[in-house]
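Take a look at the letters that make up each chain.
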Amino acid sequence: QVQLVESGGGLVQAGGSLRLSCAASGSIFSINAMRWYRQAPGKQRELVATISSGGSTNYADSVKGRFTISRDNAKNTVYLQMNSLKPEDTAVYYCNLAAIQGNYWGQGTQVTVSS
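These lines cover the structure that appears in this document, whether it is placed above or below. (Residues numbered from 1 in each chain as written. Predicted model: local features only at pLDDT ≥ 70, side-chain atom pairs only at ≥ 80, totals over all residues. Heavy atoms only, no water.)

1. Digging into the overall build of the protein
Here comes step 1: Scanning the protein for helices and strands turns up zero helices and 11 strands.
Here comes step 2: When the helices and strands of the protein are placed in sequence order, the string is β-β-β-β-β-β-β-β-β-β-β.
Here comes step 3: Relative to a compact globule of 115 residues, whose C-alpha radius of gyration would be 13 Å, the protein shows 13 Å and is just as compact.
Here comes step 4: Principal-axis analysis of the C-alpha atoms gives the protein an extent of 40 × 25 × 20 Å.
Here comes step 5: Taking contacts inside the protein between residues at least 6 apart in sequence as the whole, the part at least 24 apart equals 53%.
Here comes step 6: If you sum the accessible surface of the protein, you get close to 5900 Å²; carbon and sulfur atoms cover 47% of it.
Here comes step 7: Measuring between centres, the 10 positive side-chain charges of the protein sit 3 Å from its 6 negative side-chain charges. (Helix = DSSP H or I, 4+ residues; strand = E, 2+ residues; numbered from the N terminus. Rg over C-alpha atoms; globule rule 2.2 N^0.38 Å. Contact = heavy atoms within 4.5 Å. Areas by Shrake-Rupley, 256 points an atom, 1.4 Å probe, with all protein chains shown as cover. Lys, Arg positive; Asp, Glu negative; His and termini not counted. Charge placed at Lys NZ, Arg CZ, Asp CG, Glu CD.)

Next comes the structure, spelled out in structure tokens:
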């Protein structure tokens, strides 16, 4: 059984920064890609960033150059460093682990960016 627990969300002014963390339990963390998604009110959940087991990364166009995804396999943790935040980044952010064993989601953490 895998559990994902996000933390680090909050309220920040436009132009500010936040760092989200997602701690995973279970032994399958290091061999799978991890992803951050977000869902704004009234909108579909969207993929924000992906990091492979080897550390390769991909980003949505809307966050390229501002967000950085990273992972620490020793700590079973994935991070999302968010800089130059904009009001349109306001959403609930979820981490995701999609593995052969199943598709796992955290409970989400709220990020609110004020203008």
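2. Considering the state of the cysteines
Here comes step 1: Tallied over the full model, the rule gives one disulfide.
Here comes step 2: One disulfide in the model links Cys 22 with Cys 95; its S-S distance is 2.0 Å. Of note, the bridge from Cys 22 to Cys 95 carries an S-S torsion of about 55° and is right-handed in sense. Separated by 73 residues along the polypeptide, Cys 22 in strand β3 (residues 18-24) and Cys 95 in strand β9 (residues 91-99) bring together distant segments of the chain. One exposure class covers both Cys 22 and Cys 95, and it is buried. (Disulfide = S-S within 2.5 Å. Buried < 20%, exposed > 50% of the residue type's maximum accessible area, 1.4 Å probe, protein only.)

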